[in-house]
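Take a look at the letters that make up each chain.
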Amino acid sequence: MKQLLLQRSENALDDLEPFRDSWGRMPLDSYMADGGRYRRRRHATLSAPRSSADYRVEPHQPHYQGLDYNNLNGGVARHYEPFEDVSLRGATMSSLVTLGCDIFGRLAPYSAWHIEAHQFRIEVDGEEVGLPTPEGVHRDGVTFVLMAMIGRTNATGGESTVFNLDKQPVEKFALTDPLDLALVNDERVYHGVTPIEQIDSTAPASRDVLVVTYRHKP
């Protein structure tokens, strides 16, 4: 993936390490209906015209999912802290968002995009189970999803499974290295990620992921 992004632009990953470091400065997700304190999160909203990677950053706004798509944390407007501006407008973020615009724009050239970006850190310190998808096997209620591994520390598990619409598993894989990528058609599959655990029980574990969703915009 690094090679592909650098082929698209020689400056694509100029801020990769500061971008990855920004995951260490995220606030706790205060909307966890299970009471968990194992997830940190930031959120941003963007948009792109049809058949174009010329996206724009939109004014900050809440994230919303209906209970049909998220029966744990859905049904309320969730006001997360925004991305740090230097990360949101940096080269690495731009290279990933535009990659999604290019790929998904070829699959659906008739549609403009409402884009939401999510920084997630799942933490395990021996006191709680680290659940990357606490809502279980789910769909996000969007059109396409880009999931990028940012980093793992002392963590095992976190295996992704893709299911068909009958919720039968069709593919399993783990994002392990920085910028490992999964592209998902959210209208055609369900997906979920298994819990993470500590490799060394005396040290905390974490799993950092960037999720960018693309939804048809009239």
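This is a predicted model, so every value here is computed, not measured. (Residues numbered from 1 in each chain as written. Predicted model: local features only at pLDDT ≥ 70, side-chain atom pairs only at ≥ 80, totals over all residues. Heavy atoms only, no water.)

## Thoughts on the overall build of the protein chain
Consideration 1: Along its length, the protein chain carries four helices and 11 strands.
Consideration 2: Its C-alpha radius of gyration of 17 Å places the protein chain within 12% of the 17 Å reference for a compact globule of 218 residues.
Consideration 3: A principal-axis box enclosing the C-alpha atoms of the protein chain has dimensions of 45 × 40 × 35 Å.
Consideration 4: Split into buried and exposed, the 218 residues of the protein chain put 49% on the buried side.
Consideration 5: Sequence separation of 24 or more characterises 78% of the internal contacts of the protein chain that already satisfy a separation of 6 or more.
Consideration 6: Averaged over its 23 positive side-chain charges, the protein chain has a centre that lies 4 Å from the centre of its 31 negative ones. (Helix = DSSP H or I, 4+ residues; strand = E, 2+ residues; numbered from the N terminus. Rg over C-alpha atoms; globule rule 2.2 N^0.38 Å. Buried < 20%, exposed > 50% of the residue type's maximum accessible area, 1.4 Å probe, protein only. Contact = heavy atoms within 4.5 Å. Lys, Arg positive; Asp, Glu negative; His and termini not counted. Charge placed at Lys NZ, Arg CZ, Asp CG, Glu CD.)

## Description of the pairing of strand β7 (residues 169–174)
Consideration 1: By the bridge criterion, five bridges tie strand β6 (residues 159–163) to β7 in an arrangement that is antiparallel. Across the sheet, the residue bridging to phenylalanine 163 is proline 169, located in β7. (Pairing = 2+ DSSP bridges.)

## A closer look at the layout of surface pockets
Consideration 1: The volume enclosed by the largest pocket comes to roughly 500 Å³.
Consideration 2: Residue lining of the largest pocket: 38 residues in total, with Phe120, Glu135, His138, Asp140 and Val211 positioned closest to the centre.
Consideration 3: Of all the elements in the fold, those that place two or more residues in the lining of the largest pocket are β1 (39–48), β3 (112–124), β4 (144–153), β6, β9 (190–193) and β11 (205–217).
Consideration 4: If you tally residues by element for the lining of the largest pocket, the top one is β11, at six residues.
Consideration 5: Within the lining of the largest pocket, the residues separate by chemical class into 16 nonpolar, 13 polar and nine charged.
Consideration 6: Approximately 180 Å³ is the volume found for the second largest pocket.
Consideration 7: As for the second largest pocket, its lining consists of Arg37, Tyr38, Arg121, Glu123, Val124, Asp125, Glu127, Glu128, Thr153, Pro204, Ala205 and Ser206.
Consideration 8: At the level of secondary structure, the elements contributing two or more residues to the lining of the second largest pocket comprise β3 and β11.
Consideration 9: Among the elements that take part in the lining of the second largest pocket, β3 stands out by supplying three residues, more than any other.
Consideration 10: Among the residues making up the lining of the second largest pocket, the classes are represented as four nonpolar, two polar and six charged. (1 Å grid on protein atoms, 1.4 Å probe; cavity = no way out; pocket = protein on both sides within 12 Å on 5 of 7 lines; lining within 4 Å. Points joined across faces, edges and corners; volume = space filled by probe spheres on them. Nonpolar A, V, L, I, M, F, W, Y, C, P; charged D, E, K, R; others polar.)

As far as function goes, none of this settles anything; it's purely spatial.
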